[in-house]
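# Summary of structural features
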Amino acid sequence: MSGFSIDYAIMNPTGYFFYSLYSLSGFIDSKLGTGEVLADDLAFTLMAFSMSTMQMTQIFIYPRGT
């Protein structure tokens, strides 16, 4: 079996979306129990979410093999 897992492509942005929410809430208010979230940590989560979402959309753009 070869290729890219569609399940992974859907679950990865979902996980990064919730991780971004968690990091954003900790960045805004560190007393929520998340601890201090630095700006570079927040930038990583937002970049990872955008890149994994872009990767997921490519599934619908490019044809799949048989």
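Worth saying up front: this structure is predicted, and the values here are computed from it rather than measured. (Residues numbered from 1 in each chain as written. Predicted model: local features only at pLDDT ≥ 70, side-chain atom pairs only at ≥ 80, totals over all residues. Heavy atoms only, no water.)

### Here's the deal with the overall build of the chain
Within the chain, the regular secondary structure consists of 2 helices and 0 strands. For the chain, the C-alpha radius of gyration of 15 Å lies well beyond 11 Å, the compact-globule estimate for 66 residues. Taken across its 66 residues, the chain has 20% of its residues classed as buried. Of the roughly 5200 Å² that the chain leaves accessible, carbon and sulfur atoms contribute 66%. (Helix = DSSP H or I, 4+ residues; strand = E, 2+ residues; numbered from the N terminus. Rg over C-alpha atoms; globule rule 2.2 N^0.38 Å. Buried < 20%, exposed > 50% of the residue type's maximum accessible area, 1.4 Å probe, protein only. Areas by Shrake-Rupley, 256 points an atom, 1.4 Å probe, with all protein chains shown as cover.)

### As for the environment of L21
The residue L21 is located in helix α1 (residues 6–28) in this model. C-alpha separation for the pair L21 and T45, spaced 24 residues apart in sequence, amounts to 9.0 Å.

### A look at the packing of aromatic side chains
Under the criterion given, the structure shown has 3 aromatic pairs. Pairing F17 with F18 gives two aromatic rings, centres 5.2 Å apart and planes at 70 degrees, and the pair type is edge-to-face. Judged by its relative accessible area of 37%, F17 is partly exposed. On the basis of relative accessible area, F18 is assigned to the exposed category, the value being 52%. Ring geometry for F17 versus F49: centroids 5.8 Å apart, planes at 50 degrees, classification tilted. With F17 in helix α1 and F49 in helix α2 (residues 39–61), this pair connects stretches of sequence that are 32 residues apart. Taken together through their ring pairs, the aromatic side chains of F17, F18 and F49 make up a single cluster. (Phe/Tyr/Trp six-rings, centres within 6.5 Å; stacked < 30°, edge-to-face > 60°.)

Purely geometric stuff here, so don't read any function into it on its own.
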